[in-house]
Amino acid sequence: MFLLRLADPAVATLVRRIMRAAFLEYDAEELPSSALRESEDDVRQAIAQGGAVLAFLDGRAVGSLRYRVGGHTLSFSRISGLPEARRRGLGAALVRDNG
């Protein structure tokens with residue numbers, strides 16, 4: 001079971017590290033994910049403008065999700081999981097527990 005915690009801009013380095021590890025497999029694609037070009041400052045700013053959630057498994061951060069609230073809309077972005085934590089319901093837990 002995953003433990004979810006709200007993240008603040010102070011942990012942008014960790015959120016970015018998880019995101020990059022999750023999206024790295026797409027680097028060789030013809031159109032690689034823009035997630036790989038985001039700087040730590042970009043991530044920090046995105047968290048400050050919306051929010052982020054970290055997912056922990058056995059005390060280790062293994063997933064993250066960023067979100068924004070606008071009016072009556074909640075938007076998710078950069079839903080990320082470390083490769084070794086995939087296929088365990090991580091993405092579903094991040095979205096279900098935050099929607």
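Residues numbered from 1 in each chain as written. Predicted model: local features only at pLDDT ≥ 70, side-chain atom pairs only at ≥ 80, totals over all residues. Heavy atoms only, no water.

Undergrad: How should the side chain of Glu38 be read in this particular structure?
TA: Of note, Glu38 is situated in the loop between α1 (12-23) and α2 (40-49). A polar side-chain atom of Glu38 sits 2.9 Å from a polar atom in the side chain of Arg78. Excluding its chain neighbours within four sequence positions, the residues that come into contact with Glu38 are Arg16, Met19, Val43, Arg66 and Arg78. (Helix = DSSP H or I, 4+ residues; strand = E, 2+ residues; numbered from the N terminus. Polar contact = N/O pair within 3.5 Å; in protein donor to acceptor, adjacent residues only side chain to side chain. Contact = heavy atoms within 4.5 Å.)

Undergrad: Any chance you could explain the pattern of salt bridges here in plain terms?
TA: It is possible for side chains of opposite charge to pair when their charged atoms get near one another. Scanning the model with the defined rule gives six salt bridges in all. Notably, a salt bridge pairs Arg60 with Glu84, separated by 2.9 Å at the nearest N-O pair. One end of the pair, Arg60, is in strand β3 (residues 60-70); the other, Glu84, is in the loop between β4 (73-81) and α3 (90-96), with 24 residues separating them in the sequence. Accessibility expressed as a relative area gives 43% for Arg60, which makes it partly exposed. Overall, the relative accessible area of 43% leaves Glu84 in the partly exposed class. (Salt bridge = Lys/Arg side-chain N within 4 Å of Asp/Glu carboxyl O. Buried < 20%, exposed > 50% of the residue type's maximum accessible area, 1.4 Å probe, protein only.)

Undergrad: For this particular structure, what's the right way to read the sheet that holds strand β2 (residues 51-57)?
TA: What holds strands together in a sheet is hydrogen bonding between their backbones, with the strands either parallel or antiparallel. Read across the open sheet, the four strands follow the order β1-β2-β3-β4; overall the sheet is antiparallel. Both outer strands of the open sheet, β1 (3-7) and β4, are each paired with one neighbouring strand and no more. The sheet shows a mean angle of 25° between the axes of neighbouring strands, direction not considered. Here five bridges tie β1 to β2, and the two strands are oriented antiparallel to one another. Residue pairing across strands places Leu6 opposite Val53, the latter belonging to β2. Sitting on the sheet, α1 touches β1, β2, β3 and β4, and the angle it makes with β3 is about 100°. (Pairing = 2+ DSSP bridges. Axes fitted to C-alpha atoms, helices over the stretch in contact; angles between N-to-C directions.)

Undergrad: Can you walk me through α1 in this structure?
TA: Here α1 spans 16 Å end to end across 12 residues, near enough to the 16 Å set by a 1.5 Å rise per residue. Looking at the buried side of α1, the elements it contacts are β1, α2, β2, β3 and β4. (Expected span 1.5 Å × (residues − 1).)

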